[in-house]
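Results of the structural survey
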Amino acid sequence: MSINAALEMKGITKRFGDLVALNNASLTVRKGEILSILGENGSGKTTLMNMISGIYFPDEGHIYIDGNEVVIRSPKDAYAHRIGMIHQHFKLVDVFSAAENIVLGLRGGERFNIKKASEKIRAISEKYGFIIDPAKKIYNLSVSEKQTVEIIKVLYRGADILILDEPTAVLTPQETARLFDVLRRMKEDGKAIIIITHKLHEVMEISDRVTILRKGEYIDTVETASTNEAELTEKMVGRKVSLDIERSEPHDTADRLEVRGLECYNGDGVMILDDVSFTAKGGEILGIAGIAGSGQKELLEAIAGLQQLSGGDILYNDPKSGVTEDLRNKTPRQIRDLGVRLSFVPEDRLGMGLVGAMDITDNMMLRSYRKGKTAMLERSEPRNLAKQVVDELDVKTPGLNTPVRRLSGGNVQKVLVGREISEGPTVLMAAYPVRGLDINSSYMIYNLLNKQKDNGVAVIFVGEDLDVLIELCDRILVLCQGRVTGLLDARTAKKEEIGLLMTKGKGAAKND
Amino acid sequence: MISPVANFISRAVVQGIPLLCGSTGEIITEKSGNLNLGIPGIMYVGAVSGVAGAFFHEKLAAGPLNPFLAVVIPLVCSLLGSLAMSLIYAFLTVTLRANQNVTGLALTTFGIGLGNFYGGSLAILYGEGGALSLKATSDVFRTALPFAKNLGSVGLVLFSYGWLAYASIVIAVIATFVIKRTRIGLNLRAVGESPATADAAGINVTRYKYGATCIGGMIAGLGGLYFIMDYTSGIWSNGGFGDRGWLAIALVIFAIWNPDIGILGSILFGGLYIIDIFIPNLTRSQQELFKMLPYIVTVIVLIFTSIRRKRETMPPQALGLSYFREER
């Protein structure tokens, strides 16, 4: 045990049911040091941090602070040990002022003294170089100001160990530079800082050491000065694993969907899509790779007509009529009727595609209810379709009348994809269709997508597993922070290459 | 000389006090994120519990009433009655995370039925003509400041009310202070705005939700007690309370969740509620049109706050939603 270690974690294991989120992970952060934690989605970074900040409790392992073993059961315990975490999603009350948010939940005189608090906030701000007006309401603050409030909140509580979960994901390059200045000042002040990030150039720029996790396993900790981006990427993505997914050569490809210069902002005014352009061809699978939240969801929703755009065109070449149409002028239903299908799987599987409480037949009807000739519901056709989907895709269900919520994840997915492909789409978009599925179900879905491709459908596949993307897709489009950072031929693409493109920050992308 | 205007204002105040209690209680409850639509029922139970307490006290006490007991017994009974109702609501919505609207509406139906059953039974057994009179207790509640009579209009408008009216206004002022200026109030508002944030800041969300619901319910119950003991001079008749419970909830919106605005609002609502009596030569149906006024005013306030969409005039953000920590 090193003498100046502020925090040490040893042999940490955390399971969620059967899933091992973290296996035997270790980590040491010293006083006056910035440690980066690097890893892909699902590598266990946030889980590990949540165990320091008291949100999860580890199943195995030990945590030491200043050399003494401690037990952290709640966020309160974490504060007591001078640990503060700045979450990716801010925990702030919108209608409160910055100062009120900062003192929230603290004990003290019953009549709180907001002036005194404001003074202390100013003192902290001056010390580390924050710019903040304590009286301003949160809803009037920009994203980076909100983050500043979160950081001050933690410092106000006297934290010496700070954890920042992807703090730069929502910041502009200038704001990031300012944040890094603040972090360096904290480091000089002797604070121990842990920063989670996907962006390699930031890791190289800010951190003293890097701890790498991959799929819940602890890989290595290296000195930043003695490594480079290529080595870190290799450690992060690992060796290539062969999956043996059948991939046919694309034939009769034709430009089906042309996306030009898409731009889109989210509710917070953050740019989610920044000048995204690509072409999807019929008869091939276009993969989209990227860290979660790089704009994949917005991109698919934009094509399906569900997303408000601030710029760009989506041109669709109708294979039947040969006419080119701009999807931006069409309603979601018109887009659907053209044959553009979105089989979208949000975080919770049932979210957008299916109604959990309804059975398979009724879920089939969600797409055909307009076709009935009378005011009464016409059930026989959807029932036949449901039967067909169940038989052809081998859906394991007690019957057609079982609410889809009761089916297992893979079977729900099959019902959804089955319905979307039943009417012969021309464009099929699938986001994370194999998330949470076992191997067999996953291959089933891959085969389904391949079949569509052979039928001349333009398939757009958003995935998170790079091995799958490389083996399933024909071309891979890489998104990073809403920008296209690369378009690769999947047959020749290297995992490390994609990993590097995925982690290229906005700043880096602009410098190139 | 007592001017007609002073007379109208004093009547409006008396009419408004039950609404003030109801809305203050509901505001405190809603600040914790609990939309308690059971308030009309809770006020009803608050009233009937007080009636029961006063009835048995009058029955057991031979001779003239001890003024202290005549106040304390109905008061405690009323508070316990509304506390029990609030606990039902809090248990269902906070602990069991039941739907708040359904629970509240069920509680109102239940409370009114309960009140009518017990109040009605007492009235049938011991009252005259379907109404129960508790004049002795009511007289104690209605005792006004002695010098009020000598001050003419001023005395009538400012000093002529029973002690519970003043208590209601003081409670509303204290509630405003606590919500806006104290740490407890800050924590309470945080729970109603964003329970996850409050939880992460170490605030016990469940405790605050229970506390606010129970205290709010008890304050609302006082409105029912005031109605019986002061406004109707101790006479219980089934259904006499009318739609005042809903008016109290409308007042919450009118006051944009500020108990201090609620004080003025209650007098305004009280005035609008009885203005038809003061306008001569109205037919029955015209009177009913005037009774709509408080609700129309509420709708107008809703329209304006919705158009402006200023964050401070919006209801608490997590209002009506159950909080479950693991649902991250």
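1. Points about the overall build of chain A
Counting secondary structure elements, chain A contains 17 helices and 20 strands. Structurally, chain A occupies a C-alpha span of about 70 × 50 × 50 Å along its principal axes. Buried residues in chain A amount to 46% of all 512 residues. Pairs at least 24 residues apart make up 69% of the contacts formed inside chain A by residues separated by at least 6 positions.

2. Quick word on the overall build of chain B
The number of helices and strands found in chain B is 14 helices and 2 strands. Its C-alpha atoms give chain B a radius of gyration of 20 Å, within 12% of the compact-globule value 20 Å for 328 residues. Out of the 328 residues in chain B, the part that is buried amounts to 49%.

3. Focus: the sheet that holds strand β12 (residues 271–282) of chain A
Residue and element names in this part refer to chain A. Pairing is antiparallel in the open sheet, where 4 strands are placed in the order β12-β11-β14-β15. The open sheet has two free edges, formed respectively by β12 and β15 (324–326), since each of these has just one partner strand. Strand-to-strand, the axes of this sheet are offset by a mean angle of 15 degrees, without reference to chain direction. Pairing of strand β11 (residues 254–265) with β12 involves 9 bridges; the strand directions are antiparallel. Pairing of Leu-262 across the sheet is with Val-276, part of β12.

4. As for the domain arrangement of chain A
How big an interface is tends to be expressed through the accessible area that disappears when the partners come together. Parsing chain A into structural domains produces domain 1 (5–237), domain 2 (242–339 + 426–435 + 456–512) and domain 3 (349–423). Relative placement of domain 2 of chain A and domain 3 of chain A: their C-alpha centres are 27 Å apart.

5. Some details on the interface of chain A and chain B
The interface of chain A with chain B comprises 15 residues on the first partner and 19 residues on the second. For the side of chain A that touches chain B, a count of residues per class yields 7 nonpolar, 2 polar and 6 charged.

6. Here's the deal with unusual backbone geometry
In this structure, A:Tyr432 is a non-glycine residue whose phi angle is positive, near 45 degrees. In this structure, A:Tyr432 sits in the loop between β17 (427–431) and α14 (439–454). One non-glycine residue, B:Ile256, lies in the positive phi region at around 35 degrees.

7. Brief notes about helix α6 (residues 173–188) of chain A
Residue and element names in this part refer to chain A. When the terminal C-alpha atoms of α6 are compared, their 23 Å separation across 16 residues agrees well with the 22 Å that a helix rising 1.5 Å per residue should span. The set of residues buried in α6 consists of Thr-176, Leu-179, Leu-183 and Met-186. Seen along its axis, α6 keeps its buried residues to an arc of 75 degrees; they face one direction. Turned more than 90 degrees away from the buried face of α6, the exposed residues are Gln-174, Asp-181 and Glu-188. Just past α6, the residue Gly-190 takes up positive phi, approximately 90 degrees.

8. Digging into the pairing of strand β4 (residues 60–65) of chain A
Residue and element names in this part refer to chain A. Relative to β4, strand β1 (residues 5–16) runs antiparallel, the two sharing 5 bridges. Note on β4: the bridge partner recorded for Met-9 is Ile-63. In this structure, the hairpin formed by β4 and strand β5 (residues 68–70) is closed by a connection of 2 residues, where Asp-66 is found at a positive phi of approximately 50 degrees.

9. A short note on the nonpolar core
Across soluble globular proteins, nonpolar side chains show a tendency to be buried alongside one another. With 233 residues, the main nonpolar core has A:Ile303, A:Phe461, A:Ile476 and B:Tyr226 as its most contacted residues. Take this core: its biggest share by element is 16 residues, from helix α10 (residues 205–231) of chain B. Apart from residues no more than four positions distant in its own chain, B:Tyr226 is found in contact with B:Ile17, B:Pro18, B:Cys21, B:Leu164, B:Ala165, B:Ser168 and B:Tyr231.

10. A word on the environment of A:Met236
Residue and element names in this part refer to chain A. Inspection of the secondary structure puts Met-236 in helix α8 (residues 229–237). It is 9.5 Å that separates the C-alpha atoms of Met-236 and Asp-220, two residues lying 16 residues apart in sequence. With near-sequence residues (within four places) excluded, Met-236 lies in contact with Leu-38, Gly-39, Glu-40, Ile-212, Arg-214 and Gly-499.

11. Some words on the confidence of the model for chain A
Residue and element names in this part refer to chain A. In this model, chain A carries an average pLDDT of 83, and 92% of its residues clear a pLDDT of 70 or more. Ranking the helices and strands of chain A by mean pLDDT puts strand β8 (residues 192–196) first, with 93, and helix α17 (residues 506–511) last, with 43. This stretch, residues 506–512, has a pLDDT under 50; its non-local contacts, to residues over four places away or in other chains, come to 9 contacts.

Parameters and conventions
- Residues numbered from 1 in each chain as written.
- Chains lettered and ligands numbered in written order.
- Predicted model: local features only at pLDDT ≥ 70, side-chain atom pairs only at ≥ 80, totals over all residues.
- Helix = DSSP H or I, 4+ residues; strand = E, 2+ residues; numbered from the N terminus.
- Buried ≥ 20, exposed ≤ 12 C-beta atoms within 10 Å, placed from the backbone.
- Contact = placed C-beta atoms within 7 Å.
- Rg over C-alpha atoms; globule rule 2.2 N^0.38 Å.
- Pairing = 2+ DSSP bridges.
- Axes fitted to C-alpha atoms, helices over the stretch in contact; angles between N-to-C directions.
- Domains from an automatic or database assignment.
- Nonpolar A, V, L, I, M, F, W, Y, C, P; charged D, E, K, R; others polar.
- Expected span 1.5 Å × (residues − 1).
- Arc of directions from axis to C-beta.
- Core = buried A, V, L, I, M, F, W, Y, C linked by C-beta atoms within 7 Å.
- pLDDT = per-residue confidence, 0-100.

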